[in-house]
Each structure stands twice: as structure tokens, then as C-alpha cells.
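Report on the structure
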Amino acid sequence: MSSLRSVLLPYWFSKEKWGAWGLLLLLIGLLVIQTILKVVFIVYGGELTSALAAQDAERFWQSVGIFLGILVVGIPFASFSGYVREKLGLFWRTWLTHRYLDQYLSGIRFYQLRLYNVLDNPDQRIEEDVRVLSQESLRFFAIFLESGLQLIGFAGVLWTISKPLMAVLLVYSAVGSMIALFGFGRPLIGINAEQLKREADFRFDLVRIRENTEAIALYRGEARELSQSWQQFRQVLENFTRLIRWQLGLNLFQNHYRYATFVIPGIILASRVLTGNLEIGDVTQAGVAFNLMLQALALVVLQLQQLTNLGASVQRLTQLEQACRENPRRMGAAQQSSREEPTKIQFRSGESLEISNLTLTTPDAGKMLIQDLSLTLPAGKSLLIVGPSGVGKSSLLRAIAGLWQTGSGMITRPDSAAFLPQRPYLPPGTLCQQLSYPDLERPIGDAQLNQLIDGLGLGHLLNISTPIMASVQTGPAPEPDPRISSKLSLGEKQRLAFARVYLKSVSCLILDEATSALDLDNEAKLYRSLKQSGITIISVGHRPSLRQYHDYQLTLLTNGRWEHVQLRQ
């Protein structure tokens, strides 16, 4: 329950609470007026029927005038209440989205959730589940409030016409709600939550194919991808088949429950009408009041499918809230009951890189990669890390960068360190935005931009007529081009990544095969430039040519063993 409150309540006590409560009170006021008008509307609708049955022309036309007046007055309130509800839902969704994005992208939380496999499809939860929560919960609030007001308004009408009909209504709605809640509600919440997960997994698989089209085409992997995607869809289909079977049972129950109400008032009131003790207009009023009160009392029955969808979204957002609030390492360990929570590497800031008694394991603590590693790299010096594939070279860089923390020991490193992976990340944006990433506000002059790009042999990029290559310094900002990764070669991307380094004040640079796609001349030019700048360099690479640019070499061997040698004074 506390987790549920942490999802539903924070917005209403945030800095935006006054505007939120103001709109909510306006919505409540509109619904109250709307309900009052509806009660009067139904009363005079019955009066209209009774006037026709009595063949009283004066009474009939008087009722028509009042009826039309209520109709004209009521329509704006009904329409405006829907607008206010949607507007409030939009504000709530904006606040929730900002909140969850801030939690998800805080520090390296998004990386840890994926690394320790704590949570599935956080993107879908932030987009779809937040939308469902903000829109549907307000819709249900309006429905429940309106139903409660209708219950109060029509109870007097129904009670004055027939007390037995009122008693039947209460028993009928209570029994139906219990059957719907316990017979269909709980299973449908779980099935809907599983459907959301499987749909997101299928969509993620299609996105993965889109982002790796060239590699799949070169491998001729179309048949394999088709088989895998179809298998993902079969899982969607399997759960959806289960869902519609439950929905069929629910629909059968709802329809029997709903349509029986058309005859119940007539059966109970028939004897009084036939004996002349009750006007036909009263029967009309009683029938409408009975159905509206039943809708109010039996909302669980009539809105169960929508309620289970909302319940599934609340459940998934509660999980996201918990995952963003708690330690992903602890949650990942809790999911593996056979293992204890892994120990944690300690980090501190310093002028140079120092590694003391480092034992590095995989994030699930299932495999030891490096054991009792100790070394010191003085400021301005360079270290080359080599070894067979799979011994943990890139894992050691991730640990130095602070991404991997499972293991023991101490790592001291400079605060102003930068990490360059083998495949640089190029987000949508202009060339200036690419070079200043992740700093959004860093200004880059055209002269500085041209000098930097020409110096790296990338001058031809300035002539490419795509929005991604335009300078933001002249004219309006062009639309970002998300396809930049498919337009540049890996070598061009790697040189752009080095350009980012030159624009920053970096004292330590960590390179994970960051020059693997460059020719030897460009590689030499970049390393000589880095050495002249006095930056501490830590490199992972397989090329023999890299040894000449480094002062020390760390060789990682199998079974956690290692060797550390000095290459030059």
C-alpha cells in the first residue's frame, strides 16, 4: 500500500499542488452541477411521459420547455468537465514523466537496472503506463464521483416510488460486484500486466532489428531474425488468447448483469401500474433511476476490464518506483536466492590512478575475472591493457569508470576522467551538439569547430547536407537526424569521439579499443596529440602498434592472474 501511495499521491503534494487541486475542485464543481441537472432532466423526462399518457397538452408543452432549457444549460457543463479532466491529466502526466525520467537517468541508474536485470522495459513503463495512470485514474475518479452524486440524487426518487425496488437494487449490485471482483478482477490484473510486458518485449525485438539492419544483412540473418521475432509474437499471442478468454467470460457476465436491469423495474412495479396506483411516467423515472443507481453501485462490474488495465499500470509503475529507489545490486541479488549479495568495490578521488587489492567479478558474482590486482599509474603516464578475449579487459575499464562495482578492493582515479568505447554513441543533434555531448549549453564557435574538424581529417563532414552536420551557430536549429549512426563509418565516429575530448578539460582518458577502426597513421596522430597534452591514458587494445604510445603494460591472464611491466622510463 505504501508503494501504491508513492505512485499516486506525490503529484498532489508537489510544487504544482495548488494548480492541481484548483483544477480538481473545478472538476468536482462541474460534476456536481452536471449531476443536479441530470436529476432534474430525468424528473422532467418522466413528467413529459406522464403528460402524454394523461393527454394533458398544457402540462406536456410546459414540460417540453423546461426539458429543453435543462438540455441547453447542461450540455456546456458536460463538455467542459471532460476538457478540465483531460487538461489535469496532461499536467499530471507531464509531472510524472519528468519525475520518472529524472529517477531513471539519475547517475548510472539506467545502466545498473539493465546490468543487474532488475526491471523489464522501463521505457514502456515511463511512456505507456504513466499515460494510462494519469488519464485513466482521473477518468475513474470522475466516474466514481459522478456515480456517488447520482446515487445520492436518484436514491430519493427511487425510494419515493418503490422501496422494494430499492432493496432489490442494493442486493443485486452487491452480489454482482463480489462476483466480478473476486471471480474476474484478480486474474485479469495479472494477465494484463503480462500482456504489457510481452508486447514491450516484441516491440524491443523489432527495434533491435532496425538498429542492426546492416549487420543482419551482411550475415544474411533474415531467417534467424524472422524465427526469433515470430517466437516473440507467439508469446504475445499466447497470453492475448488467454486474455480474451477471460474477457469473454467477463463480457458474458456483464451483459447478463446489465440487460436484466431492463425488466427488473417493470416486473416489480407492474402490479401497481396495472391497478392504477402508479403513473407510467413514474415507471419511466424509476427505470432510469434504477439503471443509473445500478451503474453507480456496480462500477466494479461494468468497468472491470478498464480497472484491471489501470491496476496493471499502477503495479508496473510501483515496481519502477521501487527499482529506482532501491539498490539495483541488492535487488539483483535478491532475485538469485542461491547467492549472497555481492561485495562492493570502493572508489575515491585522487591525482593519479591507483588500484589496490582489486578482485573483480561479473555483476552476478558468478565468475571471478581479476584477483588481487594492485598498481599505480602516475599522472600524465599511460597504461596499455592486453590479454586474450574474455579475460576481463573491458570489464576492468568499466570498473575504473565506476560502472561495475561487484568485487572488492579500492580504485582511486581523477574526477575529470572520460571514457571512449569502441563504438561511440551519437545521439540526434547538430554537429556542435555532437561535439559538446553531454554538455547541452557549451558554446562552440565556427572557427574553433572548423579547426578541430580539419585537424582530425573530418573536414568533409562540414559539407554534408544533413541536419546532423549543420552548425547551430548560424540560422535556426535544424531538426535532429536520428539516423546519423548509419551515415558515418566507424572510423569517422571514433574521430568525432576524440574531438569531444579535445573540447573538454580531461586529465584521464580511458580508451576501450577506441582506435580499432582507424588506420595506423591516424591512430599515431591521435596518440601523439594525447601524449603532448599530458593526459593520463588507459587503453585496451590488441594492435602491437599501441605499445609504443604507452609507458606501462598490464597483461590479463586466465583464472584471474595478471602481469604488470614497465615499457619505458
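Residues numbered from 1 in each chain as written. Predicted model: local features only at pLDDT ≥ 70, side-chain atom pairs only at ≥ 80, totals over all residues. Heavy atoms only, no water.

Our next topic: the packing of helix α18 (residues 490-502) against helix α19 (residues 520-532). At a closest axis distance of 12 Å, the pairing of α18 and α19 adopts a crossing angle of 10°. Regarding the angle of α18 to α19, the classification is roughly parallel. The way α18 lies across α19 gives a crossing that is left-handed. Between α18 and α19, the residues in contact are Arg 495, Phe 498 and Tyr 502 and Asn 522, Leu 526, Ser 529 and Leu 530, respectively. (Axes fitted to C-alpha atoms, helices over the stretch in contact; angles between N-to-C directions. Helix = DSSP H or I, 4+ residues; strand = E, 2+ residues; numbered from the N terminus. Parallel < 35°, antiparallel > 145°, perpendicular 65-115°, else oblique. Left-handed = near helix turned anticlockwise from the far one by under 90°. Contact = heavy atoms within 4.5 Å.)

This part covers the pairing of strand β8 (residues 536-540). Two faces make up the sheet, and in a regular strand the side chains alternate between them. Most of β8 sits inside the fold, with 5 of its 5 residues counted as buried. Taking every second residue as pointing to the same face, both faces of β8 are buried, with Thr 536, Ile 538 and Val 540 on one and Ile 537 and Ser 539 on the other. Where strand β4 (residues 382-386) lies against β8, 4 bridges are found, and the strand directions are parallel. Each residue of the ladder has a partner; that of Leu 384, found in β8, is Ser 539. Looking at chain direction, strand β7 (residues 508-512) and β8 are connected through 5 bridges and run parallel. Of the residues in β8, the one forming a bridge with Cys 508 is Thr 536. (Buried < 20%, exposed > 50% of the residue type's maximum accessible area, 1.4 Å probe, protein only. Pairing = 2+ DSSP bridges.)

The strand order across the open sheet built from 6 strands is β6-β7-β8-β4-β9-β10, with neighbouring strands paired in mixed fashion. Pairing within the sheet leaves two strands with one partner each, and these edge strands are β6 (417-420) and β10 (562-566). If you compare each strand with its neighbour and ignore which way they point, the axes differ by 15° on average. Pairing analysis gives 4 bridges linking β6 to β7, with the strands arranged parallel. Residue pairing in the sheet places Ala 418 in a bridge with Leu 509 of β7. Relative to β8, α19 is tilted by about 150°, and along the sheet it contacts β4, β7 and β8.

This paragraph deals with the sheet that holds strand β5 (residues 407-413). Judged by pairing direction, the sheet is mixed, and its 4 strands sit side by side in the order β1-β5-β2-β3 without closing on themselves. In this open sheet, the two edge strands, each paired with only one partner strand, are β1 (346-349) and β3 (368-377). Strand-to-strand twist in this sheet, taken as the mean axis angle between neighbours without regard to direction, amounts to 10°. In the sheet, strand β2 (residues 353-361) pairs with β3 via 6 bridges, with the strands oriented antiparallel. What sits directly across from Leu 360, in β3, is Ile 370.

So, about the side chain of Arg 316. Note that Arg 316 resides in helix α12 (residues 304-325). If sequence neighbours within four positions are ignored, Arg 316 has contacts with Asp 120, Asn 121, Gln 124, Arg 125, Asp 129, Ala 193, Leu 196 and Lys 197.

For the rest of this paragraph, the subject is the pairing of β5. For β1 and β5, the ladder comprises 4 bridges, and the chain directions are parallel. When the sheet's bridge partners are listed, Gln 346 is paired in β5 with Met 410. In this sheet, β5 lies alongside β2 in antiparallel orientation, the contact comprising 5 bridges. Opposite Leu 360, over in β5, you have Gly 407 as the bridge partner.

Three- or four-residue spacings in an α-helix give side chains the same orientation, since the helix completes a turn every 3.6 residues. For α19, which comprises 13 residues, the first-to-last C-alpha distance of 18 Å matches the rise-based estimate of 18 Å (1.5 Å per residue) to within 8%. Looking at the packing, one finds that the buried side of α19 touches α18, β7 and β8. A side-chain oxygen of the first residue of α19 lies 3.1 Å from the backbone nitrogen of Asp 521; this N-cap is Asp 519. (Expected span 1.5 Å × (residues − 1). Polar contact = N/O pair within 3.5 Å; in protein donor to acceptor, adjacent residues only side chain to side chain.)

With that out of the way, let us pick up the side chain of Thr 515. The residue Thr 515 is located in the loop between β7 and α19 in this model. What makes Thr 515 buried here is its relative accessible area of 5%. Beyond its immediate stretch of four places on either side in the chain, Thr 515 contacts Gln 494, Phe 498, Glu 523, Tyr 527, Arg 543 and Leu 546.

Before going further, it helps to examine the packing of aromatic side chains. In this description, an aromatic ring pair is defined by two values, namely the gap between the centres and the angle between the planes. In this structure the tally under the stated criterion is 9 aromatic pairs. Ring geometry for Tyr 11 versus Trp 92: centroids 6.0 Å apart, planes at 15°, classification stacked. On the criterion of sequence distance, the pair formed by Tyr 11 in the loop between α1 (2-8) and α2 (17-54) and Trp 92 in helix α3 (residues 57-104) is long-range, its members being 81 residues apart. Taken individually, Tyr 11 and Trp 92 each receive the classification buried, so the pair is uniform in this respect. Each member of the aromatic cluster is reached from another via a ring pair, and the members are Tyr 11, Trp 12, Trp 21, Trp 92 and Trp 95. Just above the ring of Tyr 100 sits the side chain of Arg 99; from NZ or CZ to the centre is 5.7 Å. (Phe/Tyr/Trp six-rings, centres within 6.5 Å; stacked < 30°, edge-to-face > 60°. Lys NZ or Arg CZ within 6 Å of the ring centre and 35° of its normal.)

Evaluated as defined, the whole model comprises 10 salt bridges. Residue Arg 316 is joined to Asp 129 by a salt bridge in which the shortest nitrogen-to-oxygen separation is 2.8 Å. Pair noted here: Arg 316 is in helix α12 and Asp 129 is in helix α5 (residues 122-161), with a separation of 187 residues, a long-range link. The pair Arg 316 / Asp 129 is uniform in exposure class, with both members buried. Close ionic contact of Asp 201 with Lys 197 constitutes a salt bridge, the shortest N to O distance being 3.1 Å. In this pair, Asp 201 and Lys 197 both sit in helix α6 (residues 163-211), 4 residues apart, roughly one turn of the helix. Within this structure, Arg 93, Glu 127 and Arg 131 form a network of salt bridges that share partners. (Salt bridge = Lys/Arg side-chain N within 4 Å of Asp/Glu carboxyl O.)

Once that is clear, we can look at unusual backbone geometry. The backbone phi angle of Asn 357 is positive, close to 50°, even though this residue is not glycine. Structurally, the position occupied by Asn 357 is in strand β2. In the Ramachandran plot, Asn 559 falls in the positive-phi region, its phi being about 60° despite a non-glycine side chain. For Asn 559, a relative accessible area of 64% corresponds to the exposed category.

Time to look at a nonpolar patch on the surface. Nonpolar side chains collect at one region of the surface, where Leu 9, Phe 13 and Trp 21 lie side by side and expose about 320 Å² of accessible area between them. Here Phe 13 shows up in the loop between α1 and α2. Using a relative accessible area of 59% as the deciding quantity, one classes Phe 13 as exposed. (Patch = residues over 30% accessible without salt bridge, like charges linked within 9 Å, V, L, I, M, F, W, Y side chains within 5 Å. Areas by Shrake-Rupley, 256 points an atom, 1.4 Å probe, with all protein chains shown as cover.)

Remember that the coordinates give geometry; whether it matters functionally is a separate question.
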